[in-house]
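# Observations on the three-dimensional arrangement
What follows is each chain in one-letter form.
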Amino acid sequence: MLRRSEKNDKYWMNQESVPTEHFLSPESDEQPAAVAVELRDRVSKMEQQILAQYTATAAYATLAQQGVENARAEARADLDRSQSTLIGLLDRMRMEMSNRIDGVESRPSLPSTSLALDAASRLAMMEDRMNAMVGALESCVHDNIVLRQQVDELLQRQMQQDGWLVSSGSASELSLR
């Protein structure tokens, strides 16, 4: 949609206030056919200019739409890569924890003659098992902390690349207002 600028509005308002005159004055020696041909040529040129301007505008709109679609596709690909990385890290941690728990469970259990063992040896075995469980839990906590740091770094790097963070802030300081 074409709009008139304020400058053109003043021109049109001034033109509207001028009383209309005859296009061809009665004493003009110009031929109406020649004037009509000249007017037709001018209108044709103006039409070509308007069509060229419309074509250029349509081309810019098409390029802008393609740019938007490309940006969406890149953002989706980045999101998919981030999700894939997070899922891979979680699966790896789950597998390592499963292996550690299986290792603790596969240790030799108490012999069937546990009633014959004295209380001190049973207590020592229980302490060993508890120490192994505490070690597995501490390892799990440590791995969880490392994973959380990796995820925070990945998230912060992604947000900085996307322009979400300024240099003075971090991902943990973000909040909705």
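Residues numbered from 1 in each chain as written. Predicted model: local features only at pLDDT ≥ 70, side-chain atom pairs only at ≥ 80, totals over all residues. Heavy atoms only, no water.

As a further point, take the overall build of the protein chain. A count of helices and strands for the protein chain gives three helices and zero strands. In sequence order, the secondary structure elements of the protein chain are arranged as α-α-α. Expressed as a percentage of the 177 residues in the protein chain, the buried residues total 8%. In the protein chain, the proportion of contacts linking residues at least 24 apart, taken out of those at least 6 apart, comes to 52%. (Helix = DSSP H or I, 4+ residues; strand = E, 2+ residues; numbered from the N terminus. Buried < 20%, exposed > 50% of the residue type's maximum accessible area, 1.4 Å probe, protein only. Contact = heavy atoms within 4.5 Å.)

This brings us to the packing of helix 2 (residues 32-105) against helix 3 (residues 119-161). The interhelical angle for the contact between helix 2 and helix 3, taken along N-to-C directions, is 175°, at an axis separation of 11 Å. In terms of orientation, helix 2 lies roughly antiparallel with respect to helix 3. Here D78, S82, T85, L86, L89, L90, M93, E96, M97, R100 and V104 of helix 2 come into contact with helix 3, specifically with A132, M133, A136, S139, C140, D143, N144, L147, Q150, V151, L154 and Q158. Considered class by class, the residues forming the contact of helix 2 with helix 3 number 13 nonpolar, six polar and four charged. (Axes fitted to C-alpha atoms, helices over the stretch in contact; angles between N-to-C directions. Parallel < 35°, antiparallel > 145°, perpendicular 65-115°, else oblique. Nonpolar A, V, L, I, M, F, W, Y, C, P; charged D, E, K, R; others polar.)

As a further point, take the pattern of salt bridges. Following the criterion strictly, the structure yields six salt bridges and no others. Of the charged contacts in the structure, one is a salt bridge between R76 and D80, with a shortest N-O distance of 3.5 Å. Taken together, the residues R76 and D80, both in helix 2 and four residues apart, mark about one turn of the helix. On the accessibility criterion, D80 (35% relative accessible area) is partly exposed. Between E96 and R92 there is a salt bridge, and its shortest N-O distance comes to 3.8 Å. Here R92 and E96 lie together in helix 2, a separation of four residues that amounts to about one turn. With relative accessibility at 33%, the residue E96 sits in the partly exposed group. (Salt bridge = Lys/Arg side-chain N within 4 Å of Asp/Glu carboxyl O.)

The subject of this paragraph is helix 2. When the terminal C-alpha atoms of helix 2 are compared, their 108 Å separation across 74 residues agrees well with the 110 Å that a helix rising 1.5 Å per residue should span. Burial in helix 2 covers these residues: V35, S82, L89, M97 and V104. (Expected span 1.5 Å × (residues − 1).)

Time to look at helix 3. Given a rise of 1.5 Å per residue, 43 residues ought to cover 63 Å, and the 62 Å separating the end C-alpha atoms of helix 3 matches this to within 8%. Regarding helix 3, the residues found buried are A132, A136, S139, D143, L147, L154, Q158 and M159. Following helix 3 by one or two positions, G163 has its phi on the positive side, about 80°.

It is worth spelling out the layout of surface pockets at this point. The space that makes up the largest pocket amounts to roughly 240 Å³. For the largest pocket, the lining is made up of twelve residues, of which L79, S82, L155, Q158 and D162 are closest to its centre. Listed by contribution, the elements that provide at least two residues to the lining of the largest pocket are helix 2 and helix 3. Residues that form the lining of the largest pocket fall into these classes: eight nonpolar, two polar and two charged. (1 Å grid on protein atoms, 1.4 Å probe; cavity = no way out; pocket = protein on both sides within 12 Å on 5 of 7 lines; lining within 4 Å. Points joined across faces, edges and corners; volume = space filled by probe spheres on them.)

A few words on the side chain of D143. Within the element layout of this structure, D143 appears in helix 3. Note on D143: relative accessible area 17%, which makes it buried. A distance of 3.0 Å separates the side chain of D143 from the side chain of R100, its partner in a polar contact. Residue contacts for D143: discarding those within four places in its chain leaves M93, E96, M97 and R100. (Polar contact = N/O pair within 3.5 Å; in protein donor to acceptor, adjacent residues only side chain to side chain.)

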